[in-house]
Amino acid sequence: MENAWLSLVPFLIVIALSIWLKEILPGLIFGLLAGSFIVNPDLLGGLEEVLNYVLKTLSDDTNIKIIGFLYLFGGLVGMMKISGGIKGFSEWVGKKVKSERGLLSIIWLSLPFTFMMPMFRIMMIGPVIKSLMEKSELSKQKVGFTMDVSTASTIVLLPAGTAFTGFMLSLVEGGIERNQLDLAPYEIFLSSIPFNFFAIVMLVLGLISTFRKPEKQSRAKSEKAAAEEHPYHGISLKQELEEVKAEPWHLIVPLFLLLGLSMFLLWQDGREKGGNTVFQAFAKADATFVMLLAVFLTLVITFLFYSIRRVPLKETLYHFYDGGNQMMQAIILLILVWALSLSAEDIGFSDFISSTLGNVLPASFVPVIIFLLGSAVGYFIGSSWGTWGLFMPLGISLAVASGASIPLTAGAVFASGAFGAMTSPLGDTTITTASILGMPVVEYARYKLKFTAIGCAAAAVLYAAAGFLLK
């Protein structure tokens, strides 16, 4: 298509509006409108293109599987919340803490029970940790940093069983399809995990911070002032926990069911398709369908389990719908990202990248440039999902055009989103953690920046070095 450079306009609009409005969704809407009207300048025709792109994304089998997985997963989290699983786990954790270092350690040890979703993890352990902190003089900022780094930097490195997995895999799959590559999306996704250098570096820094000399409490602002500065609806979780009976097995059973079924079904599906080793089986498996099937089976068994345990059916169903509805923002974001990518592709995005930037940028520099640009945008918009959605199409297209490593470049995109969500004062984890622990958000974000800046610099060096080695 002539004037293929116009394919950059929708993405530039999204980035500019996201930075200005501090929200990703309005930018995606206006970016999609811009792309649609570039394809069809007529007023009615442009609006028809918007609907066509949205309907095309919803008619894709893989996309529907991802949407179904996210909604069912949110519903499962809502069921575990009301059944008393969270409260039971919280009370069990409280009995194990005997020291200030033990308090920090228990944050890490809670990962096997809370790894599925960042907001779920922080909202679950946050009130517990806050109540345990009343007996210690630990710095709230250090405790909050430990919570955030053990959450954001761990979940993005897990290959299955999380809400992130489906989203990240869908973006990789979309990039592969747009560039007409004969590659297995889940294999590329798995291969990108060791290249998420920022998350790996932050995990190391977080563990070092956990076991060095504890920092004492800082009271620059009162808890009341901090809470008033940035109220957050997640704080009400503590009140909800007090109203249900503690049942730790209501959390443990569904979680291990989900993880076990995900791993087993991935292996089984891949083995039937010719995978001889575990890694080959995971690479060949239809990961999107398997994850949907795993969460569906987990829900069915959990419904039966809760019924046997006399959990009221009406409450279970209500919180299933409520939990699923809380994932709608992520689902809408994903639909708009898919539609935006379709419009940009019709304008000539891949061809433009291949014929211009792909010939200008050396392959060795593509991963580090993608990481630094994505980190900058991620910091301003505070959304890992939004950053991934914006930069994965660009990253994979640049990697293909320049000859850079696709897994390395995908890892750089995921790392940039992890940096933005971890560091930005606008990030959900930052706001939620600060609100639950009673800290001023901006002050807490500045505290974390001391560590994340080191992680960002180290990751940039690693991407530059890996880019030369893996051309």
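Before any of the text, the structure's been laid out above.
Analysis parameters
- Throughout, residues of each chain are indexed from 1 in the direction in which the sequence is written.
- Note on the predicted model: pLDDT of at least 70 is required for a residue's local features to be given, and 80 or more for side-chain atom pairs to be given and counted; whole-chain, interface and lining totals, by contrast, use all residues.
- Neither water nor hydrogens contribute to the side-chain values; these are computed over all heavy atoms in the structure.
- Numbered from the N terminus, helices here are DSSP runs of H or I no shorter than four residues, and strands are runs of E no shorter than two.
- Whether a residue is buried, partly exposed or exposed follows from its accessible area with a 1.4 Å probe, protein chains only, as a fraction of its type maximum: under 20%, in between, or over 50%, in that order.
- We call two residues contacting when some pair of their heavy atoms lies within 4.5 Å.
- Remark: nonpolar core denotes a set of buried residues (Ala, Val, Leu, Ile, Met, Phe, Trp, Tyr, Cys) joined through side-chain atoms within 4.5 Å.
- The angle between two axes is taken between their N-to-C directions and runs from 0 to 180 degrees, where each axis is a line fitted to C-alpha atoms and a helix contributes only its stretch in contact.
- Roughly parallel here means an angle under 35 degrees, roughly antiparallel means over 145, roughly perpendicular means 65 to 115, and every remaining angle is called oblique.
- Each helix crossing is assigned a hand: it is left-handed if the near helix lies turned anticlockwise from the far helix by less than a right angle, otherwise right-handed if that turn is clockwise.
- Ten residues, namely Ala, Val, Leu, Ile, Met, Phe, Trp, Tyr, Cys and Pro, are considered nonpolar, four, namely Asp, Glu, Lys and Arg, are considered charged, and the remaining ones, Gly among them, are considered polar.
- Here the expected span of a helix is defined as 1.5 Å times the quantity of residues minus one.
- For salt bridges, the criterion is a side-chain nitrogen of Lys or Arg within 4 Å of an Asp or Glu carboxyl oxygen.
- Only rings of Phe, Tyr and Trp enter the pairing, Trp through its six-membered ring, and a pair is recorded when the two centres are within 6.5 Å. The plane angle decides the type: under 30 degrees is stacked, over 60 is edge-to-face, the rest tilted.
- Under the rule applied, a polar contact is a pair of N or O atoms within 3.5 Å (in protein, one hydrogen donor and one hydrogen acceptor; residues adjacent in sequence only if both atoms are side-chain atoms).
- Each patch is built from residues lacking any salt bridge and having more than 30% relative accessible area; the joining distance is 9 Å for like charges and 5 Å for nonpolar side chains (Val, Leu, Ile, Met, Phe, Trp, Tyr).
- A 1.4 Å probe and the Shrake-Rupley method give the accessible areas. Residues count as covered only by the protein chains that appear here.

> Which parts of the structure should I look at to understand the overall build of the chain?
Helix and strand counts for the chain come out as 26 helices and zero strands. When each of the 471 residues of the chain is scored for burial, the buried share is 58%. Here the analysis covers contacts within the chain between residues at least 6 apart in sequence; of these, 81% occur between residues at least 24 apart.

> Could you clarify how one ought to interpret the side chain of Ser 36 in this entry?
Mapping Ser 36 onto the fold places it in helix H2 (residues 25–39). Here Ser 36 falls in the buried class, since its relative accessible area comes to 0%. Excluding its chain neighbours within four sequence positions, the residues that come into contact with Ser 36 are Gly 46, Glu 49, Val 50, Tyr 53 and Ser 343.

> Can you walk me through the nonpolar core in this structure?
Among soluble globular proteins, nonpolar side chains are generally buried collectively. Membership of the largest hydrophobic core comes to 106 residues, with the highest contact counts inside it found for Leu 70, Phe 198, Val 295, Phe 371, Trp 388, Met 392 and Tyr 463. If we skip the residues at most four places from it in the chain, Phe 198 touches Phe 371, Ala 415, Ala 418, Phe 419, Met 422, Thr 452, Gly 455, Cys 456 and Ala 459. In this structure, Leu 104, Ile 106, Ile 107 and Ile 122 belong to the second largest nonpolar core, which totals 19 residues.

> What should I look at first to understand the environment of Thr 433 in this one?
By secondary structure assignment, the location of Thr 433 is in helix H25 (residues 428–437). Once the C-alpha coordinates of Thr 433 and Asp 148 are considered, the two residues, 285 residues apart in sequence, prove to be 7.5 Å apart. Not counting chain neighbours up to four residues away, the residues in contact with Thr 433 comprise Ile 122, Gly 144, Met 147, Asp 148, Met 439 and Tyr 444.

> Explain the packing of helix H22 (residues 366–381) against helix H26 (residues 441–469) to me, please; I cannot follow it from the model alone.
When two helices pack together, their arrangement is given by the angle between their axes and by how far apart the axes lie. For the pair H22 and H26, interaxial distance at closest approach is 7 Å and the crossing angle is 155°. The orientation of H22 with respect to H26, classified from their angle, is roughly antiparallel. Along this stretch, H22 crosses H26, giving a crossing that reads as right-handed. In this structure, H22 contributes Pro 367, Val 368, Phe 371 and Leu 372 to the contact, and H26 contributes Cys 456, Ala 459, Ala 460, Tyr 463 and Ala 464. Residues belonging to the contact of H22 with H26 are distributed by class as follows: nine nonpolar, no polar and no charged.

> I keep staring at helix H17 (residues 287–308) and nothing clicks. Help me out?
One turn of the α-helix equals 3.6 residues, which is why residues spaced by three or four share an orientation. In a regular helix each residue adds 1.5 Å, so 22 residues correspond to 32 Å; H17 covers 31 Å between its end C-alpha atoms and thus fits that length. By the burial criterion, the buried members of H17 are Ala 287, Thr 288, Val 290, Met 291, Leu 292, Ala 294, Val 295, Thr 298, Leu 299, Thr 302, Phe 305 and Tyr 306. Backbone geometry just after H17 places Arg 310 at a positive phi near 65°.

> Can you walk me through the pattern of salt bridges in this structure?
Where charged atoms from two side chains of opposite charge come close, those side chains can pair. Under the defined criterion, the tally for this structure stands at one salt bridge. The salt bridge partner of Asp 148 is Lys 448, with a shortest N-O separation of 2.8 Å. With Asp 148 in helix H9 (residues 140–155) and Lys 448 in helix H26, this residue pair connects regions lying 300 residues apart in the sequence. With a relative accessible area of 0%, Lys 448 lands in the buried category.

> Just to check I follow, could you spell out the packing of aromatic side chains for this structure?
Describing an aromatic ring pair means giving the distance of the ring centres and the angle of the ring planes. Summed over the entire model, instances satisfying the criterion amount to 16 aromatic pairs. Taking 5.7 Å as the distance between ring centres and 35° as the angle between the ring planes, the aromatic pair formed by Phe 69 and Phe 73 counts as tilted. Here the residue Phe 69 and the residue Phe 73 both occupy positions in helix H4 (residues 61–82), the gap between them amounting to four residues, near one helical turn. Taking relative accessible area as the criterion, Phe 73 reaches 1% and is therefore assigned buried. Centre to centre, the rings of Phe 305 and Tyr 306 are 6.0 Å apart; their planes meet at 45°, and the pair counts as tilted. Neither residue differs from the other here; Phe 305 and Tyr 306 are each classed as buried.

> I'm lost on the side chain of Ser 375 in this one. Help?
Within the secondary structure layout, Ser 375 lies in helix H22. By relative accessible area, Ser 375 is classed as buried at 2%. Excluding anything up to four places from it in sequence, Ser 375 contacts Ser 416 and Phe 419.

> Looking at this structure, I do not really get H9. What am I missing?
For H9, which comprises 16 residues, the first-to-last C-alpha distance of 22 Å matches the rise-based estimate of 22 Å (1.5 Å per residue) to within 8%. Most of H9 sits out of view: 16 of its 16 residues are buried. Regarding H9, its N-cap is Ser 139, as a side-chain oxygen of that residue lies 3.2 Å from the backbone nitrogen of Gln 141 further along.

> What is the right way to look at the environment of Phe 189 in this model?
Structurally, Phe 189 can be placed in helix H11 (residues 185–192). The class for Phe 189 is buried, based on a relative accessible area of 1%. In this structure the C-alpha to C-alpha distance between Phe 189 and Pro 159, which are 30 residues apart in sequence, comes to 8.1 Å. The contact partners of Phe 189, leaving out residues within four places of it in the chain, are Leu 158, Pro 159, Thr 165, Met 168, Leu 169, Val 172 and Phe 414.

> Where do I start with the packing of H2 against helix H3 (residues 43–58) in this structure?
Two elements in contact, H2 and H3, have axes whose closest approach is 8 Å; the angle formed by their N-to-C orientations is 120°. In terms of axis orientation, H2 runs oblique to H3. Crossing of H2 against H3: the hand is right-handed. In this structure, H2 contributes Leu 32, Leu 33, Ser 36, Phe 37 and Val 39 to the contact, and H3 contributes Leu 43, Gly 46, Leu 47, Glu 49, Val 50, Tyr 53 and Val 54. Residues belonging to the contact of H2 with H3 are distributed by class as follows: nine nonpolar, two polar and one charged.

> Is there a simple way to think about a nonpolar patch on the surface in this case?
Residues Phe 296, Leu 297, Val 300, Ile 301 and Leu 304 make up a contiguous nonpolar surface patch of about 410 Å² in total accessible area. You can see Leu 297 is positioned in helix H17. The class of Leu 297 is partly exposed, set by a relative accessible area of 30%.

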